[in-house]
Structures are given as structure tokens and as C-alpha cells.
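# Architecture at a glance
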Amino acid sequence: FKGIGLGETLQLTAIGADGAPVSVTWASDDANVAAVSANGLVTGAHAGGPVGVIATLSSDPTETQASSITVLKGFTKLIAGGTGTDVIYTIDVPAGATKLTVTLKGGTGDADIAIAFNTTPTWHTPPDVCESGAAGNAESCVINNPAAGKWYILVNGYEAYAGATLSAIYTSP
């Protein structure tokens, strides 16, 4: 399993049994989910979900190898805020999504995250589903089989922070 986001790319290389690259023709079984270039560059397209990427050996077109790639949906934002500030972000997760991953990383300062379903998170108070309050901006929450609907993400400025990347990505059915 490998996941890529909409517009993200993944370079594939076909390797033979001897460990050397081999010449193949690349194809996607659903270009609406992911496109594959002639040199094996996979790009997440408009629709999310699983897609088959097929490599056909150029020297023997009867030999194919399929690989499953899942395109992920969501957002990635560069964020900043002051000490004691709370900013709320939301993401709509469809029915059948298998995972929601929210991460905060990079930049300077110290921000924390809390995640709740259908309501604004209130730090250290139910119904928060996940909270991450590590030092710095190394926060992560993973919700397996998230309920369909609106998920709220609270970013709290424990200290002033800048240049941090907030991502909320779900695996689409």
C-alpha cells in the first residue's frame, strides 16, 4: 500500500529479478484517480480511492505486474499563530473512509492539536477523539475508520508558532 495526495506524485521504477531496472510500459486502471506517465510518474488526479498501476514488460507484453496505490484526499496548509491562540480547521470525511490522519510539523514555536467529530474540540475535554501536545510542532493524530461527516481540528498556540505545516488527509473509498 502506498498513498499519495491529490496533485502529489510518486515515481515508480520497475526492477527485474537481478535487481536491475527493466523497461516497462506503465498504465493506470482509472485515470480519474491517478495518471501514470510513460516513465512511471504517478500523479494523484481528481477523484480519490484505490487505483491499479500496471507495468507491462516491454520485452514480453504478456508479462504484467500490478501494484495498488490509494489516492488520499484532504488539505495541507502552512500556518502560524500566537501564544494562547486557538484556530479551528474542518475537514469533511465521506462514508467508507478507512483512516483520517492529522499532522502538524515543522516551523518554529510550539502548537498542539485536538480533533473532534461534529463539534469543536475543547482541550482535555470529551468528546475530543485525539489530542497531541508534544513539545514543538511534532503532532499527530490517526483515527481509523472515522465516522462520515465534519471533523474539527483545533490548533492551539502553546507558544507562538510560524511556518508549521498542518495536514488533514483521509483515505477515500
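Check the entry above for the structure.
Residues numbered from 1 in each chain as written. Predicted model: local features only at pLDDT ≥ 70, side-chain atom pairs only at ≥ 80, totals over all residues. Heavy atoms only, no water.

### Considering the sheet that holds strand S10 (residues 111-117)
- Strand order in this open sheet of 4 strands is S8-S13-S10-S11, and the pairing throughout is antiparallel. Looking at the sheet topology across the chains shown, the edges are occupied by strand S8 (86-93) and strand S11 (130-132). In this sheet, adjacent strand axes meet at a mean angle of 15 degrees when their direction is disregarded.
- Note: S8 against strand S13 (residues 149-157), 8 bridges, orientation antiparallel. Each residue of the ladder has a partner; that of Val93, found in S13, is Gly149. (Pairing = 2+ DSSP bridges. Helix = DSSP H or I, 4+ residues; strand = E, 2+ residues; numbered from the N terminus. Axes fitted to C-alpha atoms, helices over the stretch in contact; angles between N-to-C directions.)

### Some points on the sheet that holds strand S5 (residues 41-44)
- What the 3 strands build is an open sheet, ordered S2-S5-S4; its pairing is antiparallel. In this open sheet, the two edge strands, each paired with only one partner strand, are strand S2 (9-11) and strand S4 (34-36). Across this sheet, the average inter-strand angle for adjacent strands is 20 degrees, counted without regard to direction.
- Bridging between S2 and S5 involves 3 bridges; their strand directions are antiparallel. Its bridge partner being in S5, Gln11 is matched across the sheet by Leu41.

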